[in-house]
Amino acid sequence: MTATSSGYTRFARLSQAEFRARLPEALDIYVSAMRYPDGTAEQRAPMWLTHALREGWRCVAALDEEDTLLGLAYGYRGSVGQWWHEQVRRGLLQREGQEAASRWLGDYFELTEIHVRPDQQGAGIGEDLLRRLLDGVDNARVLLSTPEGTSRAWKLYRRVGFADVLRDYYFAGDPRAFAILGRTLPLDPPTPSN
Ligand SMILES: CC(C)(COP(=O)(O)OP(=O)(O)OC[C@H]1O[C@@H](n2cnc3c(N)ncnc32)[C@H](O)[C@@H]1OP(=O)(O)O)[C@@H](O)C(=O)NCCC(=O)NCCS
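Cut-offs applied
- Residues numbered from 1 in each chain as written.
- Predicted model: local features only at pLDDT ≥ 70, side-chain atom pairs only at ≥ 80, totals over all residues.
- Heavy atoms only, no water.
- Phe/Tyr/Trp six-rings, centres within 6.5 Å; stacked < 30°, edge-to-face > 60°.
- Helix = DSSP H or I, 4+ residues; strand = E, 2+ residues; numbered from the N terminus.
- Buried < 20%, exposed > 50% of the residue type's maximum accessible area, 1.4 Å probe, protein only.
- pLDDT = per-residue confidence, 0-100.
- Contact = heavy atoms within 4.5 Å.
- Salt bridge = Lys/Arg side-chain N within 4 Å of Asp/Glu carboxyl O.
- Near = heavy atom within 4 Å.
- Areas by Shrake-Rupley, 256 points an atom, 1.4 Å probe, with all protein chains shown as cover.
- Nonpolar A, V, L, I, M, F, W, Y, C, P; charged D, E, K, R; others polar.

> Residue-level account of the packing of aromatic side chains, with values.
Summed over all chains, the structure comprises 13 aromatic pairs. Where tryptophan 84 meets tyrosine 108, the ring centres are 6.2 Å apart and the plane angle is 40°; that geometry is what we call tilted. Of this pair, tryptophan 84 sits in helix 4 (residues 83-95) while tyrosine 108 sits in strand 5 (residues 108-116), placing them 24 residues apart in sequence. Per residue, the accessibility class of tryptophan 84 equals that of tyrosine 108, and both read buried.

In structure tokens, the structure reads:
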């Protein structure tokens, strides 16, 4: 595990084995940050483990002095055949056409998950996780989906330059409206106010 320090929070890239070992802790943060019902963690565990096997997968963790997880972000190279890729492709083809679908989906990194423990939010950990995760990613673009109207996540994504790709989009089997946001890589450096 390589690690750097930022104040009292340590950031570290997790290997697949480290991610597996921390999965229950990571899913606890996910469930509390997203306010999902009990049972969600057990449901998501196999999916997160499958994600970790995908090409280009990388994960960054935020840890405190006792090595407790405060937050994490992960993602991987998006590609044809992945459920999320095909869902977004369907939306782009329906609404924006072939050119937009090829441009956005030709070479991108999917920012799949980013979550910070609720009592640690609002102190810059989320932005740090996002920047560290995307640092050195060699894809041309980054894409993510987020439920419409989750204000803290929205503010973070806008602050680092994510633009609308699709709004009010419905994934198969989910009644919530989502936004797909994206931007080119690399990210711009943080503004001085950060
Ligand atoms: C979205 C999320 C990952 C962002 O993480 P975070 O650590 O709260 O994000 P940041 O601290 O970087 O930015 C959030 C706020 O802190 C402020 N901030 C940033 N750096 C700061 C610093 N050094 N000191 C004080 N405040 C700071 C930002 O201005 C921002 O202000 P806001 O409170 O008006 O939103 C986190 O809030 C979260 O887990 N939310 C619930 C789950 C979720 O929505 N995940 C994404 C689903 S797509």
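That was the structure; now back to the text.
> Give a detailed account of the confidence of the model for the protein, specifying residues and quantitative values.
Here the protein averages 94 in pLDDT, while 95% of its residues score no lower than 70. This stretch, residues 1-6, has a pLDDT under 50; its non-local contacts, to residues over four places away or in other chains, come to 19 contacts.

> Explain the pattern of salt bridges to me, and be specific about the residues and the numbers.
According to the stated counting rule, one finds 17 salt bridges in the structure shown. Here arginine 22 ties to aspartate 67 by a salt bridge, and the two come within 2.9 Å at their closest N and O atoms. Of this pair, arginine 22 sits in the loop between helix 1 (16-21) and helix 2 (23-34) while aspartate 67 sits in the loop between strand 3 (58-63) and strand 4 (69-77); the two residues are 45 residues apart in sequence, bridging distant segments of the chain. The exposure class of aspartate 67 is partly exposed, given its relative accessible area of 31%. The residue aspartate 164 makes a salt bridge to arginine 158 at a minimum N-O spacing of 2.7 Å. According to the relative accessible area criterion, aspartate 164 is partly exposed, its value standing at 39%. Judged by its relative accessible area of 36%, arginine 158 is partly exposed.

> How would you summarise the site of the ligand if you had to cite specific residues and measurements?
As a structural note, the neighbourhood of the ligand is formed by 20 residues, with Val116, Gly124, Gly126, Arg152 and Lys155 the closest of them. With the chains in place, 74% of the 920 Å² that the ligand exposes on its own is no longer accessible. Sorting the residues of the shell around the ligand by element identifies helix 2, strand 5, helix 6 (125-134), strand 6 (141-147) and helix 7 (151-159) as the ones contributing at least two each. Considering each element in turn, the shell around the ligand owes the most residues, 6 residues, to helix 7. Broken down by class, the residue content of the shell around the ligand amounts to 9 nonpolar, 7 polar and 4 charged.

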